[in-house]
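Listed below are the residues making up each chain.
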Amino acid sequence: MAKIKLTKLPFAETPEQAKALDAKLEELKDVPGGLMPALQQAQEIYGYLPIEVQKRIAEKLNVSLEEVFGVATFYAQFTLQPRGAYQVAVCLGTACYVKGAGDIINALKTKLGVDSGECTEDGRFSLIETRCIGCCGLAPVMTINSNVYGKLTTDQLDGILREYM
Amino acid sequence: MFRSTVLVCGGTGCHSNHSGEIYDAFQKQLAENNLSGDVMLVKTGCFGLCAVGPVVIIYPEGSFYSNVTPEDVPELISEHLIKGRLVRRLLYRDHKTEEITKALSETNFYKKQTRVALRNCGVINPENIDEYIAYDGYQALIKVLTEMQPQEVIDVIKASGLRGRGGAGFPTGLKWQFCRNAVPDETGIKYVCCNADEGDPGAFMDRSILEGDPHSVIEAMTIAAYAIGSCQGYIYIRAEYPIAVQRIRIAIDQAKEYGLLGKNILDSGFDFDLEVRLGSGAFVCGEETALMTSIEGKRGEPRPRPPFPANKGLFGKPTILNNVETYANVAQIILKGADWFASMGSEKSKGTKVFALGGKIVNTGLVEIPMGTTLRTVIEDIGGGIPNGKKFKAAQTGGPSGGCIPAELIDVPIDYENLAAIGSIMGSGGLIVMDEDNCMVDIAKFFLEFTKDESCGKCTPCRIGTTRLLEYLNKITSGNGTMEDLEEMEKLCYYIKDNALCGLGQTAPNPVLSTLRYFRDEYIAHIVDKRCPAGVCKALLSYEITDQCKGCTLCARNCPVGAITGKVKEKHVIDKSKCIKCGVCMEKCKFGAIIRK
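Residues numbered from 1 in each chain as written. Chains lettered and ligands numbered in written order. Predicted model: local features only at pLDDT ≥ 70, side-chain atom pairs only at ≥ 80, totals over all residues.

**Regarding the interface of chain A and chain B**
- Listed by partner, the interface residues are 29 residues for chain A and 39 residues for chain B.
- The greatest single-element share of the side of chain A that touches chain B, amounting to 4 residues, is contributed by helix α5 (residues 94-98) of chain A.
- Grouping the amino acids of the side of chain A that touches chain B by side-chain chemistry returns 18 nonpolar, 10 polar and 1 charged. (Contact = placed C-beta atoms within 7 Å. Helix = DSSP H or I, 4+ residues; strand = E, 2+ residues; numbered from the N terminus. Nonpolar A, V, L, I, M, F, W, Y, C, P; charged D, E, K, R; others polar.)

And the structure:
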């Protein structure tokens with residue numbers, strides 16, 4: 001399991017976010033095994049899982065914060081770090097790997113000046129490595145938010161990133 | 001009455017290549033040409049030939065158009081649909097013969113396949129239950145509920161010889177029997193679960209079935225529930241598959257609306273409800289006990305067996321868990337009979353298997369073949385061989401739990417027993433093809449990095465064992481390995497296999513053991529000669545400029561670290577102490593003057 005990185009950014013939320021979370025927790029509080037869906041919903045609302053939100057989930061679902069934190073840090077898709085406005089995700093599945101995805105992620109680390117799992121200082125890009133996203137026919141593949149870029153070569157990266165500047 | 005049907009592939013591969021825009025363009029332009037009433041437009045699941053996507057098929061001709069772009073839509077409408085002339089430039093071409101293939105069924109890719117689990121993928125609109133019903137959908141459920149006793153259902157599945165398609169190959173009928181025989185607690189609850197947590201890198205069979213034919217899974221789970229006496233089911237699906245999640249949700253709603261799911265199904269008095277639960281990116285959750293722990297909302301750690309899930313599974317109740325592809329076979333077996341299914345395949349492995357072809361192969365995509373087909377047929381005939389004139393080196397099956405099949409075993413018929421005998425496993429169906437440019441030590445390292453990362457940490461043999469194994473591999477690929485390391489590594493592999501708690505750990509050493517078995521010489525080349533024969537392991541490479549150099553300075557200008565020097569029109573030199581072995585110079589050189597050793 002990856003190392004747990006906590007964010008130093010202060011927690012801020014809008015009333016809409018708080019209301020949306022409360023409504024979801026109300027729905028899920030009696031569902032057997034509702035903690036996972038609760039965390040998934042919370043991440044959908046906030047983009048990540050701040051400790052403040054985890055505390056609220058623990059209270060509402062009547063489980064310990066330890067359990068909430070345990071689950072939140074077990075699964076790769078849950079993040080305790082805020083995400084950039086654009087999430088650059090490079091597929092490191094086997095098919096992509098044998099077609100050079102390793103070079104793509106290294107080039108992106110250099111270009112963005114961040115390690116994988118991190119967000120650029122201006123909050124624009126975050127870089128992650130993903131498991132196989134299943135479009136192996138397009139290998140190597142990266143996604144930026146919901147846009148997919150296939151059959152990538154490193155010299156295309158500058159042009160693609162520029163679209164999001 | 002429609003005179004033509006346009007099928008646009010909406011699978012993940014084609015969708016990523018803008019097939020959604022093609023669909024929208026057809027919709028808009030068919031309306032503009034007043035053709036909406038004459039031409040039916042359908043967004044289907046995966047056709048399988050992802051390499052040439054986005055794919056559009058137009059019936060009644062069955063014309064198979066590949067690599068279509070939204071800009072091609074006006075021509076397809078005016079030429080094909082209005083004037084009735086094929087748009088030849090877009091028809092699929094066989095990459096070897098360059099011959100144009102007019103229909104999908106004529107391609108080599110499809111001719112040697114037998115489609116059972118994938119029967120509806122790319123044929124029906126997965127978001128319309130009526131189309132599934134038109135293709136005999138829910139007939140099997142009706143037959144089961146009106147004509148068969150639960151035990152009879154299990155007997156048919158047993159007689160068919162269907163085995164778990166998730167990898168281990170456990171007989172499905174037997175699994176159902178154990179759960180049927182299990183005595184529930186006072187609540188009387190039993191569960192039916194579907195494992196759609198397809199985590200093997202390079203595998204996308206289950207995703208394509210859920211995207212292309214979600215009702216087949218729902219129908220089969222309902223049949224299973226009837227057979228074991230359950231009224232609640234869960235589909236555990238990866239969150240990385242948004243299209244599949246959306247389609248299965250639509251399918252569940254439609255089935256409920258038609259009275260095919262929920263309370264008192266088809267007035268039979270039988271109740272069965274189905275809930276979707278999303279995974280959150282943990283490979284270990286593909287293991288059955290870990291998956292159930294995860295549905296319970298906990299850290300997805302496996303637990304020791306016994307007790308087996310058939311007796312004590314989800315929430316401590318008797319539970320069956322089958323994989324998506326396994327379920328996709330069930331309705332056909334009920335309808336066509338156990339003998340029909342058992343007539344396909346080899347002696348102990350019945351039916352067909354879906355493989356996701358990927359890596360260094362021309363036709364990347366999804367194929368379904370009878371068990372017992374040889375790897376040669378899959379790679380050369382269906383897969384179209386290796387691109388760029390390279391040589392086939394090995395195929396990897398079973399993902400991080402599997403092993404590789406070397407070129408000399410290409411004629412082995414693929415079934416559970418044969419693959420196990422040669423040190424690989426059937427696995428869930430990922431089949432990654434590798435050519436001479438792939439280093440087998442590097443591949444073993446890739447898989448170990450994966451399992452080390454995904455080890456949940458609960459048991460020591462897996463948590464520490466995979467870390468140590470990876471250290472050995474890193475040592476070898478960086479040129480510091482010794483022959484003793486090889487022996488120690490092999491010992492460690494068997495220790496992990498024997499002692500890890502769950503399937504993830506027990507199979508994690510397989511990629512190492514199988515590459516050691518068939519490609520030991522490559523390990524020895526790394527250790528003794530300090531050389532990577534495939535030219536992959538960076539620490540062991542060096543770049544040199546030969547006398548072919550014309551002194552054009554292109555390499556020097558592109559080198560990111562300024563390691564190349566030389567005067568214009570004179571031979572250049574690489575300073576090996578500065579070189580980071582990125583290979584840019586070799587890529588850029590127009591004269592082939594830079595070689596890698």
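So that's the structure; there's more coming.
**A few points about the domain arrangement of chain B**
Residue and element names in this part refer to chain B.
- What the domain assignment reports for chain B is domain 1 (4-107), domain 2 (129-340), domain 3 (352-435), domain 4 (440-527) and domain 5 (542-596).
- Each of domain 3 and domain 4 has a C-alpha centre, and these two points are 22 Å apart.
- Residue assignment for the side of domain 3 that touches domain 4 shows that the elements contributing at least two residues are β11 (392-397) and β12 (403-406).
- In terms of residue count, β12 provides more of the side of domain 3 that touches domain 4 than any other element does, 3 residues in total.
- Classifying every residue of the side of domain 3 that touches domain 4 by side-chain character gives 5 nonpolar, 6 polar and no charged. (Domains from an automatic or database assignment.)

**Quick look at the domain arrangement of chain A**
- Examined at the domain level, chain A breaks down into domain 1 (15-74) and domain 2 (86-162).
- Using C-alpha coordinates to define each centre, domain 1 of chain A is positioned 30 Å away from domain 2 of chain A.

**As for the pairing of strand β3 (residues 56-59) of chain B**
Residue and element names in this part refer to chain B.
- Bridge count for strand β1 (residues 4-9) against β3 is 4 bridges, and the pairing is antiparallel. By the bridge assignment for β3, Val8 is matched with Val56.
- Pairing geometry for β3 and strand β4 (residues 63-65), over 3 bridges, is antiparallel. Note that in β4 the partner of Val56 across the bridge is Tyr65.
- Where β3 folds back on β4, the antiparallel hairpin that results is connected by 3 residues, among which Gly62 adopts a positive phi of roughly 75°. (Pairing = 2+ DSSP bridges.)

**Here we look at the sheet that holds β3 of chain B**
Residue and element names in this part refer to chain B.
- Pairing is mixed in the open sheet, where 4 strands are placed in the order β2-β1-β3-β4. The two strands at the open ends of the sheet, each matched to only one other strand, are β2 (39-44) and β4. Ignoring which end each strand starts from, the neighbouring axes of this sheet average 20° apart.
- Bridge analysis of β1 against β2 gives 6 bridges, and the strand direction is parallel. Counted as the bridge partner of Cys9 is Thr44 from β2. (Axes fitted to C-alpha atoms, helices over the stretch in contact; angles between N-to-C directions.)

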